Amino acid sequence: MTTPQFPNTTIVDHPLVQHKLTLMRQKDTSTASFRALLSEIAMLLAYEATRDMKLATEEIETPLTKMQAPVLEGKKVVLIAILRAGLGILDGMLQLIPSARVGHIGLYRDPRTLAAVEYFYKVPGSLADRDVIVCDPMLATGNSAVAAVERIKQSKPGSLKLVCLLACPEGLKNFHEAHPDVPVVTAAVDERLNDHGYIVPGLGDAGDRLFGTK
Ligand code: URA
């Protein structure tokens, strides 16, 4: 679903995604379930995010005859996870796109200013002409996603998308002001951002819930 309120944003309102997201939000959901659900939703978000992948045709032989059949065109997709919660999205996406290349970008939020500070960057050698999907479960202030995409754009990828589990109006506004050309795919847009940079109602700290660190 798209809405004029949030430009260049697709909200994946599929009932399975919405149901799984509700389970993830609940505070008593275990770490194991949270992890499994994020992986399942990530696969469904990847399905949506790759909807416009280019196809070429190739001659193949079925047991009955030859035919011109569709195959993916171009270089392998690159998934770039924003550490650390982005790791939780990789798994599910790789189940759908097993040949994808993977990059990682480490950004932490300065607790005082909430600005993104880069501490790690490792992506496949050449992103030129490749479709890149940036993965970050929570588009909260949007500062990490803005910084990550800024950095990745320096390598001139063929296309860029941001996939997140949950967004909020403040994060989407910030992201689209900085990168109006980069589509966002998300499972939901929540009500607001609170004073501590958390999405409300949200699901808490995605990294902590994913890795059981709290
Ligand atoms: N990061 C999280 O993990 N949760 C939020 O609500 C916001 C940022």
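Predicted model only: the values in this text are computed from it and were never measured. (Residues numbered from 1 in each chain as written. Predicted model: local features only at pLDDT ≥ 70, side-chain atom pairs only at ≥ 80, totals over all residues. Heavy atoms only, no water.)

Caption draft 1: Molecular detail of the packing of helix H4 (residues 143-153) against helix H5 (residues 169-178). Running from N to C, H4 and H5 cross one another at 20°; their axes reach a closest spacing of 9 Å. What the angle tells us is that H4 and H5 run roughly parallel. Along this stretch, H4 crosses H5, giving a crossing that reads as right-handed. Across the interface between the two elements, Asn143, Ala145, Val146 and Val149 of H4 pack against Asn174, Phe175 and Ala178 of H5. When grouped by side-chain class, the residues that make up the contact of H4 with H5 number five nonpolar, two polar and no charged. (Axes fitted to C-alpha atoms, helices over the stretch in contact; angles between N-to-C directions. Helix = DSSP H or I, 4+ residues; strand = E, 2+ residues; numbered from the N terminus. Parallel < 35°, antiparallel > 145°, perpendicular 65-115°, else oblique. Left-handed = near helix turned anticlockwise from the far one by under 90°. Contact = heavy atoms within 4.5 Å. Nonpolar A, V, L, I, M, F, W, Y, C, P; charged D, E, K, R; others polar.)

Caption draft 2: Geometry of the packing of aromatic side chains. With the rule as written, the count across this model stands at one aromatic pair. Between Arg151 and the ring centre of Tyr121, over which it is positioned, the NZ or CZ distance is 3.8 Å. (Phe/Tyr/Trp six-rings, centres within 6.5 Å; stacked < 30°, edge-to-face > 60°. Lys NZ or Arg CZ within 6 Å of the ring centre and 35° of its normal.)

Caption draft 3: Geometry of the site of the ligand. Around the ligand, the neighbouring residues are Arg109, Met138, Ala140, Gly197, Tyr198, Ile199, Gly204, Asp205 and Ala206. In this structure, Gly204 approaches the ligand through a main-chain N or O atom, which is 2.8 Å from a nitrogen atom. At 2.7 Å from an oxygen atom of the ligand is found a main-chain nitrogen or oxygen belonging to Ala206. In isolation the ligand has 240 Å² of accessible area, and contact with the protein removes 89% of it. For the shell around the ligand, the class distribution of residues is five nonpolar, two polar and two charged. (Near = heavy atom within 4 Å. Polar contact = N/O pair within 3.5 Å; in protein donor to acceptor, adjacent residues only side chain to side chain. Areas by Shrake-Rupley, 256 points an atom, 1.4 Å probe, with all protein chains shown as cover.)

Caption draft 4: Local environment of the environment of Arg192. Structurally, Arg192 is set in strand E12 (residues 192-193). A relative accessible area of 36% places Arg192 in the partly exposed class. Between the alpha carbons of Arg192 and Ser39 there is a distance of 25 Å; along the sequence they are 153 residues apart. Look past the residues within four positions of Arg192 in its chain and what remains in contact with it is Cys168, Pro169, Glu170, Tyr198, Ile199 and Val200. (Buried < 20%, exposed > 50% of the residue type's maximum accessible area, 1.4 Å probe, protein only.)

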